Amino acid sequence: MDALAAYPRIRFMGSKHRLAPRLAEIFATLPPGPAIDAFSGSGVVAYTLKAGGRETHANDHLTFTTTLAEALVANEDETLTAEDVEKLCSPSLDGRDFIAATFTGLYFPDVDHAFLDAAWSHVDELQGAKRALALSALCLAAAWKQPRGVFTVTTPRYDDGRRQLHMPLEDLFKEAVTRCNAAVMPGLASATCGDVFACDPGQAAIAYLDPPYAPPRDDTCYVKRYHFLEGLATYWRGQEIMWETRTRKLVKRHTPFGSKRTVRDALDRLFDHFSAPQALVVSYGSNADLDAAELQALLSRHRRNVRRIEIPHRYAFGTHGTAARRLATEYVFVGM
Ligand SMILES: C[S@@+](CC[C@H](N)C(=O)[O-])C[C@H]1O[C@@H](n2cnc3c(N)ncnc32)[C@H](O)[C@@H]1O
């Protein structure tokens, strides 16, 4: 499906960007009708559902991911014009300096922080899809310029040689706007920011569920990795910064899917919550505390027919152009 190639790439933990064409094939075999992507993350799967001709709803409990979905999935026809971009890149309307004052010496050079502060003074003048597009492009630019796209480190230990690491954020923002504008496509869609259990299954024929799965070690905390993007999408309004942290982290967002202790019960409640859609499509990666057979058994308590599809998936790891490629298995369960 050509439309999928238009979706801007963001390094997001658990992104299904590479799997999207295969997911599109699976969705095409399922009953027609509206679809929900209840953990939309980068937004690429919701976009895939929309490109497949379904009315689509995207939901996620983070603001920056919802902003991506508002700009690139829910948005049918708005784009940022050359004049919009010129304005967003012009001097600050009010001299605000929250980002410069809070993050000096951390992620980006001063000139980039000043650009973000000034750009936000113009974002505050925008509404609706244009505002979401401007914020998405700012978030994409910041993610592209950060080694590995995560904000857990402040020193560029992983300079992978990408040209983006050395480009001014303003230039990356302009590139990101071009990518975002090109992804906008017609079609009915919506986006909400909220907990999955507050997401109404409505009239959906299919629900795509891609929750974080507690891994055996480490964690799946999105706020720890992407706090800067979550802050940037809100100008840190309503966010609680942990001032004692060197990286200026935000307070963690609790999710029952992230802990080994609560993930099984959470999944059980999740499948119960989405009992109305005719089909549930559940993604599962191999690095989880819960194994695939256990997930299949859980889903089988709620659905008579559960099909397991294995997708061999190559992903790069390491930090150099010569990075090794490792084969992992991604599973997709289809419950009817
Ligand atoms: C594995 S990622 C989804 C990746 C997505 N399918 C993609 O292709 O980019 C899981 C997402 O679930 C969201 N999330 C975690 N707990 C949630 C909850 N309780 N309610 C809603 N969203 C949640 C996270 O913010 C994250 O974006």
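- Per an unreviewed UniProt entry, the chain goes by site-specific DNA-methyltransferase (adenine-specific) and derives from Solirubrobacter ginsenosidimutans.
- Its UniProt record, at the heading Catalytic activity (unreviewed entry), says of the chain: "a 2'-deoxyadenosine in DNA + S-adenosyl-L-methionine = an N(6)-methyl-2'-deoxyadenosine in DNA + S-adenosyl-L-homocysteine + H(+)".

**A word on the packing of aromatic side chains**
Right, on to step 1. Going through the model one piece at a time under the given rule, you end up with 25 aromatic pairs.
Right, on to step 2. Where Phe-12 meets Tyr-226, the ring centres are 5.1 Å apart and the plane angle is 25°; that geometry is what we call stacked. Note that Phe-12 is positioned in the segment before α1 (20-28) and Tyr-226 in helix α9 (residues 222-232), a separation of 214 residues in sequence. A single burial state applies to Phe-12 and to Tyr-226, both of which are buried.
Right, on to step 3. With centroids separated by 5.9 Å and ring planes inclined at 50°, the aromatic side chains of Phe-64 and Tyr-226 adopt a geometry described as tilted. One end of the pair, Phe-64, is in helix α3 (residues 63-74); the other, Tyr-226, is in helix α9, with 162 residues separating them in the sequence. Accessibility classification places Phe-64 together with Tyr-226 in one group, the buried group.

**Comments concerning the pattern of salt bridges**
Right, on to step 1. Considering all chains together, one arrives at 16 salt bridges under this definition.
Right, on to step 2. We note a salt bridge from Asp-124 to Arg-96, for which the minimum N-O separation is 3.0 Å. With Asp-124 in the loop between α6 (110-123) and α7 (128-145) and Arg-96 in the loop between α4 (82-88) and α5 (98-103), this pair connects stretches of sequence that are 28 residues apart.
Right, on to step 3. The shortest N-O distance in the salt bridge between Arg-264 and Glu-294 comes to 2.6 Å. Residue Arg-264 is located in helix α10 (residues 263-273), and its partner Glu-294 is located in helix α11 (residues 292-300); the two are separated by 30 residues in the primary sequence.
Right, on to step 4. Of the residues examined, Arg-264 reaches a relative accessible area of 27% and is grouped as partly exposed.
Right, on to step 5. Taken together, the shared-partner salt bridges connect Asp-94, Arg-96, Asp-124, Arg-131 and Arg-237 into one network.

Rules behind the numbers
- Residues numbered from 1 in each chain as written.
- Predicted model: local features only at pLDDT ≥ 70, side-chain atom pairs only at ≥ 80, totals over all residues.
- Heavy atoms only, no water.
- UniProt positions renumbered as here; feature names shortened; annotations may be inferred.
- Phe/Tyr/Trp six-rings, centres within 6.5 Å; stacked < 30°, edge-to-face > 60°.
- Helix = DSSP H or I, 4+ residues; strand = E, 2+ residues; numbered from the N terminus.
- Buried < 20%, exposed > 50% of the residue type's maximum accessible area, 1.4 Å probe, protein only.
- Salt bridge = Lys/Arg side-chain N within 4 Å of Asp/Glu carboxyl O.

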